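# Fold and geometry: a report
Given next are the chains, with one letter for each unit.
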Amino acid sequence: MAKNLVIVESPAKAKTIEKILGKDFEVKSCFGHIRDLEKDDMGIDIANNFKPKYVIPEDKEKVVKELKKLAKDTDEVWLATDEDREGEAISWHLCEVLNLDPKTTKRIVFHEITKPAIENAVQHPRKLDMDRVNAQQARRILDRIVGFEISPVLWRKMSMRNSLSAGRVQSVAVRLIVEREREINNFSSVSTFKVEAYFTGKDINGKSISFKADGPGKFKTAEDAEKFLEQCVGAAYTVKDIQVKPGKKSPAAPFTTSTLQQEASRKLGYSVSKTMLLAQKLYESGNITYMRTDSVNLSDTAVSEIEKAIKTSFGDKYHQHRKFKNKNESAQEAHEAIRPTYMENTTVDDSDTRKLYELIWKRTIASQMADAELEKTIAKIDISTNHEELSASGEVLKFDGFLKVYMESHDDEDETEEQEGSLPPLAVKQSLDLKEMKATERFSRPAPRYTEASLVKKLEELGIGRPSTYAPTITTIQKRNYVEKRDKEGVKRDFRILTLKADKITKLTDAENTGAEKSKLFPTDLGMIVTDFLNQYFNNVMDYGFTAKIEEEFDEIASGKKVWNTMISEFYSPFHKDVENTLENAERVKGERPLGVDAASGKPIVARMGRYGPMIQIGSVEDEEKPRFAKLKATQSIETITMDEAMELFKLPRNLGQFEDTDVIVNIGRFGPYAQHDKKFYSLKKEMDPYTVELDEVAPLIAEKRTAKDERTIKIFEKEKIQILKGPYGPYIKQGLKNYKIPKEKIDNAADLTVEEAKAIIEDVKANPPKKKAPPRKKKAE
DNA sequence: CAGTGAGCGAGCTTCCGCTTGACTT
């Protein structure tokens, strides 16, 4: 039994630290928080000054039991959880649960897992900081109050009440997406004409050259652009002036959780959850430092390792020592930036995580490298026939510096113009030959829809959410069906081009695809309706500055200037009044939008939310005739659907005619578009539009799927309703709607199974059901 | 697997942050 027990949050960290501290220290992990507010009845005694009721969650009982035992048998317990607010609270909960005296128990902290940092921490223990703990309790209690008081209001006031939720973080995240969508819907694009001139000639060395110059600003109309081109007819062009300016680019800071998620999304196309999963793997295998961090700081040991790596691989002049500071004030900096543990490992063996690792390696090494040096040249070109001038610019890289390994991407990358190339060497007063001059119509664009990663960036800027919650928050708002990630097809748009060539102007119209988006976040109708409701009744909590404001108060609690229950009480009184007022006065929300009157029946048509999602309704339930209903397509929304689009929806179900003497009927069901034939259902392929698809497309699909089904079937025992089927994990047994796993020893000759054997397997599985994730529910209705 | 759409109301849902598991039907 070791004399000292050190408790940290992460088990991977525990292993590393144990090696550093040696045999007198046993290092264990508590796996994050070990207690939380009780789930029933808020877990807060509001009348008793918001006294929290803490319980140990079921999945933490085991680790708590183990820690209790170890703590009892050891001379001294050291609390080494993270230094931030949450970490301090975890230490306090450990005191409470392990019966340690918070006034005397040793509390140590370090921001990096290096030998000097840890040894230094052990030499300078402090005591638990109760002010900081109280700031965390206030944070936790406020979040519980907001979430658990508003969510039930939604259950009462929304006509669709399936597990709706609201919270300080998630509701604001949805609001951002809803408002961006409306901004895009209300955006009217303005077109301008941009002039580009293409020149040919000889450079100062007599070499043939060609380059491009930009026109004088943008023209508002085609007429203005044409007038300018007319003015250029017969003109001579001369280089009037050449300016050369030096420039430089600096590397970005090393990765935090948020910037890692953004770059992995832009450069590798990963979702934020995929990035975090892979980063976790790299962390557990000891390849990178902790991946949930808001710090851009690198340890001194890391900095000198990086320096060494740069100097040996690239040479001394590529190194530049840098110390980055956090822009974000809400950062709590309990850890280092995300970096490779060993810089000498330029890659990893595992193919899944390799790309992400190499990204981290490059970003880290670039952050300590020299600036890239540029030379920007701007040549002004005089037009003899008018007072305007053209300008050509070029950029030359004089010294690559950090660009040798890494270039940060930007969200609007595909929308910016192509990289500027170099400009050929020109002389002042040199004359140039115009090959052609073009005025091209360009359209202004609305702000782009959020990607998962750009939403994280925005949330971080607003100080909302933490590194450990970015990915789960994005999952939650999609799971609640407030937001969905999807692609959007572009639409064709015509644009005009005026060309001046050989002193003649020609006009033509071309077409481009515009507005196509990939993996963007769209609000659902539900998301919009819930957001509008919350904005109306809970504008304080929905305010983008709300979190920043309460964070200031948490800071005051942490520095001992404010008492936590006072802060919570000041928040609670007006908030709870809002809750009661809403329960009493708010109408039940249906999200109705009238579209007009049905020409055929004279009945009103509305778009609205139904129990199963957005739909169109013709007529009302009071009418003698039942109303007609149609479900909106996945890409349509109550807010933007037109009358024509709505009427189009009533064309389903469609009878396509007969195949093998039986009708083929196409419709959209719970699982998407399908065809029905001979009492069987066949999902339509993605590219098949149920509104236009024809029989000759669907019939082969039916035939094909039928044989596929046959191939999947190994054996059928008709009477017992037992099937032996081929699944993605190999053969399995199916009886009724339930599947049963075939034992390993019989799986190779599944085709030879007899009825009796199959029955025996089913009985076996029933008697010893496969273990499921322990469902902590009390009772569940079947 | 492939329907529904009102209102009634039993019985249910819900937050944010800290950490990893145990698993395929």
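Rules behind the numbers
Residues numbered from 1 in each chain as written. Chains lettered and ligands numbered in written order. Predicted model: local features only at pLDDT ≥ 70, side-chain atom pairs only at ≥ 80, totals over all residues. Heavy atoms only, no water. Helix = DSSP H or I, 4+ residues; strand = E, 2+ residues; numbered from the N terminus. Buried < 20%, exposed > 50% of the residue type's maximum accessible area, 1.4 Å probe, protein only. Contact = heavy atoms within 4.5 Å. Areas by Shrake-Rupley, 256 points an atom, 1.4 Å probe, with all protein chains shown as cover. Lys, Arg positive; Asp, Glu negative; His and termini not counted. Charge placed at Lys NZ, Arg CZ, Asp CG, Glu CD. Patch = residues over 30% accessible without salt bridge, like charges linked within 9 Å, V, L, I, M, F, W, Y side chains within 5 Å. Salt bridge = Lys/Arg side-chain N within 4 Å of Asp/Glu carboxyl O. Pairing = 2+ DSSP bridges. Axes fitted to C-alpha atoms, helices over the stretch in contact; angles between N-to-C directions. UniProt positions renumbered as here; feature names shortened; annotations may be inferred. Polar contact = N/O pair within 3.5 Å; in protein donor to acceptor, adjacent residues only side chain to side chain.

### Quick look at the overall build of chain A
Helix and strand counts for chain A come out as 20 helices and 30 strands. Oriented by its inertia axes, the alpha-carbon framework of chain A measures out at about 95 × 85 × 65 Å. Expressed as a percentage of the 782 residues in chain A, the buried residues total 45%. If you take every contact in chain A between residues at least 6 apart in sequence, the share linking residues at least 24 apart comes to 68%. Carbon and sulfur atoms form 49% of the exposed surface of chain A, whose accessible area is close to 43000 Å². Charged side chains in chain A number 131 positive and 131 negative. The centres of these two groups are separated by 3 Å.

### What about a negative patch on the surface?
A cluster of acidic side chains, namely Glu329, Glu552, Asp555 and Glu556, defines a negative patch on the protein surface. Its location among the elements puts Glu329 in the loop between α10 (300-313) and α11 (351-366).

### Quick look at the sheet that holds strand β26 (residues 680-683)
Ordered in space as β23-β24-β25-β26, the four strands form an open sheet in which the pairing is antiparallel. The open sheet has two edge strands, β23 (654-659) and β26, and neither has a second partner. When the angles between neighbouring strand axes are averaged without regard to direction, this sheet yields 30°. Strand direction decides the pairing type here: strand β24 (residues 662-669) and strand β25 (residues 672-677), joined by six bridges, are antiparallel.

### Side note on the sheet that holds strand β7 (residues 76-79)
Read across the sheet, four strands follow the order β2-β1-β7-β8 without closing on themselves; strand pairing throughout is parallel. Of all strands in the sheet, those bounded by a partner on one side alone are β2 (25-29) and β8 (106-107). Here strand β1 (residues 4-8) runs beside β2; their pairing, made up of five bridges, is parallel. Residue Asn4 lies in a different strand from β2, and its bridge partner there is Phe25.

### Focus on unusual backbone geometry
The residue after Leu652, namely Pro653, is reached through a cis peptide bond having omega -5°. Within the chain, Asp661 stands out as a residue other than glycine whose phi angle is a positive 65°. Looking at Asp661, the relative accessible area reads 70%, which means it is exposed.

### Notes on the UniProt feature "active site" (unreviewed entry) in chain A
Under the local residue numbering, the UniProt record ascribes the feature "active site" (unreviewed entry) to Tyr290. Following the sequence through the fold, Tyr290 ends up in the loop between α9 (272-284) and α10. Here Tyr290 falls in the buried class, since its relative accessible area comes to 17%. Not counting chain neighbours up to four residues away, the residues in contact with Tyr290 comprise Tyr283, His335 and Ile338. Within the local environment of Tyr290, its side chain forms a polar contact with the side chain of Arg292, the two groups lying 3.1 Å apart.

### Points about the UniProt feature "domain: Toprim" (unreviewed entry) in chain A
The sites that carry the UniProt feature "domain: Toprim" (unreviewed entry) are, in the present numbering, residues 3-113. In residues 3-113, helix accounts for 33% and strand for 22%; the two terminal C-alpha atoms are 22 Å from one another.

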